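Architecture at a glance
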Number of protein chains: 2
Amino acid sequence: MTPARRRDSARSRELLLQAAVELFTERGFDRTTTREIGERAGVDPTLIARYYGGKTQLYVAAMEAEFGSAPPADLLDEDRLRMLLDGVLRRGPGPAYRVAVQPYDDPVVQDTARTQLHDRLVAPLTDHFTRSGLDRPRLRAELAVAAFVGVMLGRGSGAFDQLAEAGPDELLLLVRDLLGGVLPRS
Amino acid sequence: MTPARRRDSARSRELLLQAAVELFTERGFDRTTTREIGERAGVDPTLIARYYGGKTQLYVAAMEAEFGSAPPADLLDEDRLRMLLDGVLRRGPGPAYRVAVQPYDDPVVQDTARTQLHDRLVAPLTDHFTRSGLDRPRLRAELAVAAFVGVMLGRGSGAFDQLAEAGPDELLLLVRDLLGGVLPRS
DNA sequence: ATCTGAAGACATCAGCTGATGACATGACTC
DNA sequence: GAGTCATGTCATCAGCTGATGTCTTCAGAT
């Protein structure tokens, strides 16, 4: 974080975005208020409207920031899976994960989530399956990603005791095996 | 549906519950209003407070009604999986599925969802794994259920094109193989 | 030093939501 | 048929939420 001038719109924008990513990840869109975002960011919440246009557009920006410059990740590559899993365990499953599990009214939100998930997760898997000569590569990829999303969100839901407590190493092995289920048995 | 007397509290209760299950399934708790529930049920929405105590308690009732008298289902038993999948494809993943993927404020809602999911889905799988002599049977069961929930919710989210269009037969085979991933490779 | 526009703070609005209390109406008992 | 309680209806409230418009304040240019 830069030095902190008294007035710095770029910095305020960034603080709002960061707080939004955190809160949207923790509670989702509906249960997060613009006032909470402003409070956590230490920035007046009305600036959300000024800099982003509104709460909805901030959510879109949060989804785009969520993956950042991270490269697409093949969930069946153990190293890539480890990196992705580490990130999610540290920061939680971001805003796009939630849209993958509940439809939203705004088509822009929908499209952004679908695009992000597709580019980062579905497409690499689809390629993987295509190279392997499997039928329905795209469907298999979407299935695996949806399952992965379910597991990541399930960890923090309070509905699964042991899943919430499982450590990274153990989780990595189990998730790897689970996702391996979309491949034909050897 | 019974004959339809002019005044029948039991019937009104039931209509409200049915509408609630549908709407909570379609849009979740936050995006469903008591007025919508009343409208769909053809019943005055204030009766929700009278008969159930409030929207939250109605959600709890909806979760309990969701599984009805359905017996616990071992997701790794192909016949049971088919039955469960058919139900979800017809009626959608109910209120308890949503709680499995996002924490709720009310502890009663949390506990009800956890209990329902555990009794109906996690416990049978845990037994299955225990009988198979696998390590971490409970964790594996929770993982499989979370993945299943992710796939079911992902179908209706609009984020996965092919998953949304996949037919029951195709889906059954793929989900069966996916969940088989929690078993050691033969 | 002054001016000016950007950046931020503040008060406030309109809409929605769940809930409540008062009232009306019907059904059943005696 | 009078009385009584369950059932249903209606108006309304208080709180929250996102958004807007106005005013203040500061930084940098001239």
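Values in this document were obtained by computation on a predicted structure and should not be read as measured data. (Residues numbered from 1 in each chain as written. Chains lettered and ligands numbered in written order. Predicted model: local features only at pLDDT ≥ 70, side-chain atom pairs only at ≥ 80, totals over all residues. Heavy atoms only, no water.)

Overview of the relation of the copies chain B and chain A
So the rule is basically this: We superpose the copies by least squares over the C-alpha atoms of residues that have a pLDDT of at least 70 in both of them. Throughout, a residue-residue contact means that at least one pair of heavy atoms, one from each residue, lies within 4.5 Å.
In the superposition of chain B on chain A (RMSD 0.0 Å, axial shift 0.0 Å), the rotation amounts to 180 degrees. The relationship between the two copies is best expressed as a two-fold rotation axis. Taken as a fraction of all interface residues of chain B, those also at the interface in chain A reach 100%, which identifies the copy contact as same-surface.

Concerning empty space enclosed by the protein
To be explicit about the condition: Definitions used for this entry: grid spacing 1 Å over protein atoms alone; cavity, a set of points where a 1.4 Å probe fits but cannot get out; pocket, an open set with protein on both sides within 12 Å along at least 5 of 7 lines; lining residue, one with an atom within 4 Å of a point. Grid points are joined across faces, edges and corners, and a volume is the space filled by probe spheres set on the points. Starting at the N terminus, helices and strands are each numbered in turn, a helix being any DSSP run of H or I of at least four residues and a strand any DSSP run of E of at least two. Residue type decides the class: Asp, Glu, Lys and Arg count as charged, Ala, Val, Leu, Ile, Met, Phe, Trp, Tyr, Cys and Pro as nonpolar, and the leftover types, Gly among them, as polar.
Per the stated rule, a full pass over the model turns up two cavities of 30 Å³ or more. Empty space within the largest cavity amounts to approximately 160 Å³. A:Asp30, A:Gln102, B:Asp30, B:Gln102 and B:Tyr104 are, among the 16 residues lining the largest cavity, the residues nearest its centre. Computed from the structure, the second largest cavity encloses a volume of approximately 40 Å³. Along its surface, the second largest cavity is lined by A:Arg114, A:His118, A:Val122, A:Arg138, A:Glu142, B:Ala159 and B:Phe160. Breaking the lining of the second largest cavity down by element, the ones donating at least two residues are α7 (107-131) and α8 (137-155) of chain A. A per-element tally of the lining of the second largest cavity places α7(A) first, with three residues. Partitioned by chemical class, the residues of the lining of the second largest cavity number three nonpolar, one polar and three charged.

Structural notes on the packing of helix α7 (residues 107-131) of chain B against helix α8 (residues 137-155) of chain B
When two helices pack together, their arrangement is captured by the angle between the axes and the distance separating the axes. All names here are of chain B. Here is the rule: Throughout, an axis means a line fitted to C-alpha atoms (over the contacting stretch in the case of helices), and angles, computed between N-to-C directions, take values from 0 to 180 degrees. Note that the term roughly parallel is reserved for angles under 35 degrees, roughly antiparallel for angles over 145, roughly perpendicular for angles of 65 to 115, and oblique for everything else. Throughout, a crossing is termed right-handed when the near helix is turned clockwise from the far one, and left-handed when it is turned anticlockwise from it by less than a right angle.
Contact pair α7 / α8: the axes reach a minimum separation of 8 Å and the direction vectors enclose 135 degrees. Viewed along their axes, α7 and α8 adopt a mutual orientation that is oblique. Where α7 crosses over α8, the two elements pack in a sense that is right-handed. For the pair α7 and α8, contact is made by His118, Leu121, Val122, Leu125, Thr126, Phe129 and Thr130 and by Pro137, Arg138, Arg140, Ala141, Glu142, Ala144 and Val145, respectively. Taken together, the residues of the contact of α7 with α8 sort by class into eight nonpolar, three polar and three charged.

A few points about the protein's contact with DNA strand C
Put simply, the rule reads: Note on definitions. A residue lies near a molecule or strand when any single heavy atom of the residue is within 4 Å of it. Identification of polar contacts relies on pairs of N or O atoms within 3.5 Å, with a donor-acceptor requirement for protein atoms, meaning one able to donate a hydrogen and the other able to accept it, and with residues adjacent in sequence counted only if both atoms are side-chain atoms.
Residues in close proximity to DNA strand C total 20 residues, the closest being A:Ser12, A:Arg50, A:Tyr51, B:Arg7 and B:Lys55. Among the atoms of DNA strand C close to the protein, meaning within 4 Å, 54% are from sugar or phosphate groups. A:Tyr51 is positioned with one of its side-chain polar atoms (N or O) 2.5 Å from a phosphate oxygen of DNA strand C. Interatomic distance of 2.9 Å between a backbone N/O atom of B:Thr34 and a phosphate oxygen of DNA strand C. Elements represented by at least two residues in the surface near DNA strand C include exactly α1 (9-27) and α3 (46-52) of chain A together with α2 (34-41) of chain B. Considering every element that reaches the surface near DNA strand C, the biggest residue donor is α3(A), with four residues. Here the residues of the surface near DNA strand C are counted per class, giving two nonpolar, eight polar and 10 charged.

Quick look at helix α1 (residues 9-27) of chain B
Residue and element names in this part refer to chain B. What counts here: Multiplying 1.5 Å by the residue count of a helix minus one yields the expected span of that helix.
Taking 1.5 Å of rise per residue, the 19 residues of α1 would be expected to cover 27 Å, and the 26 Å separating its terminal C-alpha atoms lies within 8% of that figure. Elements that come into contact with the buried residues of α1 comprise α2, α3 (46-52), α4 (55-67), α5 (78-91) and α6 (95-99). A side-chain oxygen of the first residue of α1 lies 3.1 Å from the backbone nitrogen of Ala10; this N-cap is Asp8. Gly28, located one to two residues past α1, shows a positive phi value of around 85 degrees.

Things to note about the UniProt feature "DNA-binding region" (unreviewed entry) in chain A
Threshold: UniProt positions are given in the numbering used here, feature names are shortened, and annotations may be inferred rather than shown by experiment.
Following the UniProt record, one finds the feature "DNA-binding region" (unreviewed entry) at residues 33-52 of chain A. Split by type, residues 33-52 of chain A is 75% helix and 0% strand. Its first and last C-alpha atoms lie 15 Å apart.

Quick look at the packing of aromatic side chains
Residue and element names in this part refer to chain B. Condition: The aromatic pairing rule takes the rings of Phe, Tyr and Trp, using the six-membered ring of Trp, and pairs them if the centres are within 6.5 Å, calling planes under 30 degrees apart stacked, those over 60 edge-to-face and the rest tilted.
Following the criterion strictly, the structure yields 13 aromatic pairs over all chains and no others. Here Phe24 and Phe29 contribute two aromatic rings whose centre-to-centre distance is 5.9 Å and whose plane-to-plane angle is 25 degrees, an arrangement assigned as stacked. Taken together, a centroid distance of 4.6 Å and an interplanar angle of 65 degrees make the contact between Phe24 and Tyr59 edge-to-face. With a gap of 35 residues between them, Phe24 in helix α1 and Tyr59 in helix α4 connect regions that are remote in the sequence.

Here we look at α7(A)
Residue and element names in this part refer to chain A. Our working rule: The term bend refers to the angle at a residue between two fitted axes, each drawn through seven residues, those ending there and those starting there.
Its maximal kink placed at His118, α7 deviates by approximately 50 degrees. With a side-chain oxygen lying 2.7 Å from the backbone nitrogen of Val108, the N-terminal cap of α7 falls on Asp106. Looking one or two residues beyond α7, the residue adopting positive phi is Gly133, at roughly 75 degrees.

So, the domain arrangement of chain A
Residue and element names in this part refer to chain A. The line we're drawing: Domain delimitation in this document rests on an assignment produced automatically or drawn from a domain database. Buried area: the accessible area, evaluated with a 1.4 Å probe, that two parts lose upon being put together, summed over both parts. Definition used for salt bridges: Asp or Glu carboxyl oxygen within 4 Å of a side-chain nitrogen of Lys or Arg.
For chain A, the assigned domains read domain 1 (9-68) and domain 2 (71-186). Look at where the C-alpha atoms of domain 1 and domain 2 centre, and you get two points 24 Å apart. Of the residues lining the interface, 15 residues belong to domain 1; the matching set on domain 2 comes to 18 residues. On the domain 1 side of the contact with domain 2, Thr25, Met63 and Phe67 bury the most area, a combined 43% of that side's loss. Inspection of the domain 1/domain 2 interface yields zero salt bridges. Across the contact surface, domain 1 and domain 2 share seven residue pairs in polar contact (both at pLDDT 80 or more). Those elements that place two or more of their residues in the side of domain 1 that touches domain 2 are α1 and α4 (55-67). When residues in the side of domain 1 that touches domain 2 are grouped by element, the largest group, eight residues, is from α4. Looking at the side of domain 1 that touches domain 2 residue by residue, the classes come out as seven nonpolar, four polar and four charged.

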